[in-house]
Amino acid sequence: AQYRLGYLCEHGKGTKRDLGEAVRLYRAAAAQRHVGALARLGVCLEKGRGVAQSEAEAAASYAAASKLGGAEDFFECGVNHLNRIGGRSAPEFYAPPAGRER
């Protein structure tokens, strides 16, 4: 529920757009290992939406999501690798979940 509410707050759907509240909700859901919340939190951190911009934290959030198996997050990790977000290359922080091929 926290992820869905965060998404609604981020995009102003059915409620006033509140990026700070969206980040708070994404963080709460991410603490419970919600893949989508980790991915959206990464976007907010990368872009500075409702939170201070931090490429390193964004990269860590994308990596955590990808380790839980989020397909979109595999893509984001690749994009981050190409852009060198977080100051590390993808192989240093990214590996597919056990049993999944790259």
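Please read all numbers here as calculations on a predicted model, not as lab measurements. (Residues numbered from 1 in each chain as written. Predicted model: local features only at pLDDT ≥ 70, side-chain atom pairs only at ≥ 80, totals over all residues. Heavy atoms only, no water.)

Caption draft 1: Quick look at the nonpolar core. The biggest cluster of nonpolar side chains holds 17 residues, and the ones touching the most others in it are Y3, Y26, A30, A37 and L41. Elements with a minimum of two residues in this core: α1 (2-11), α2 (19-30), α3 (35-47) and α4 (55-67). (Core = buried A, V, L, I, M, F, W, Y, C linked by side-chain atoms within 4.5 Å. Buried < 20%, exposed > 50% of the residue type's maximum accessible area, 1.4 Å probe, protein only. Helix = DSSP H or I, 4+ residues; strand = E, 2+ residues; numbered from the N terminus.)

Caption draft 2: Layout of the side chain of R40. Mapped onto the fold, R40 is located in helix α3. Among all residues touching R40, those that are not within four sequence positions of it are Y3, E10, H11, Y26 and R49. (Contact = heavy atoms within 4.5 Å.)

Caption draft 3: Broad picture of the pattern of salt bridges. Per the counting criterion, the structure on display carries three salt bridges. One salt bridge connects R49 with E10, and the closest N-O pair in it is separated by 3.5 Å. With R49 in the loop between α3 and α4 and E10 in helix α1, this pair connects stretches of sequence that are 39 residues apart. On the basis of relative accessibility, which here comes to 29%, the residue R49 falls in the partly exposed class. With a closest N to O distance of 2.7 Å, R24 and E21 form a salt bridge. You can see R24 and its partner E21 sitting in helix α2, three residues apart, about one turn around the helix. (Salt bridge = Lys/Arg side-chain N within 4 Å of Asp/Glu carboxyl O.)

Caption draft 4: Inspection of the packing of aromatic side chains at higher detail. Under the defined criterion, the tally for this structure stands at one aromatic pair. The interplanar angle of 35° and the centroid separation of 6.0 Å between the aromatic rings of Y3 and Y26 together place this pair among those described as tilted. Here the residue Y3 occupies a position in helix α1, and Y26 occupies one in helix α2, the gap between them amounting to 23 residues. Side by side, Y3 and Y26 carry an identical accessibility label, which is buried. (Phe/Tyr/Trp six-rings, centres within 6.5 Å; stacked < 30°, edge-to-face > 60°.)

Caption draft 5: Looking closely at α2. The end-to-end C-alpha separation of α2 is 16 Å, in line with the 16 Å expected for twelve residues at 1.5 Å each. Taken together, the buried positions of α2 are occupied by A22, V23, L25, Y26, A29 and A30. Projected down its long axis, α2 shows its buried positions confined to an angular sector of 165°, all on one face. Against the buried residues of α2 lie α1 and α3. Measuring from the side-chain oxygen of the N-cap residue of α2 to the backbone nitrogen of G20 gives 3.3 Å; that N-cap residue is D18. (Expected span 1.5 Å × (residues − 1). Arc of directions from axis to C-beta. Polar contact = N/O pair within 3.5 Å; in protein donor to acceptor, adjacent residues only side chain to side chain.)

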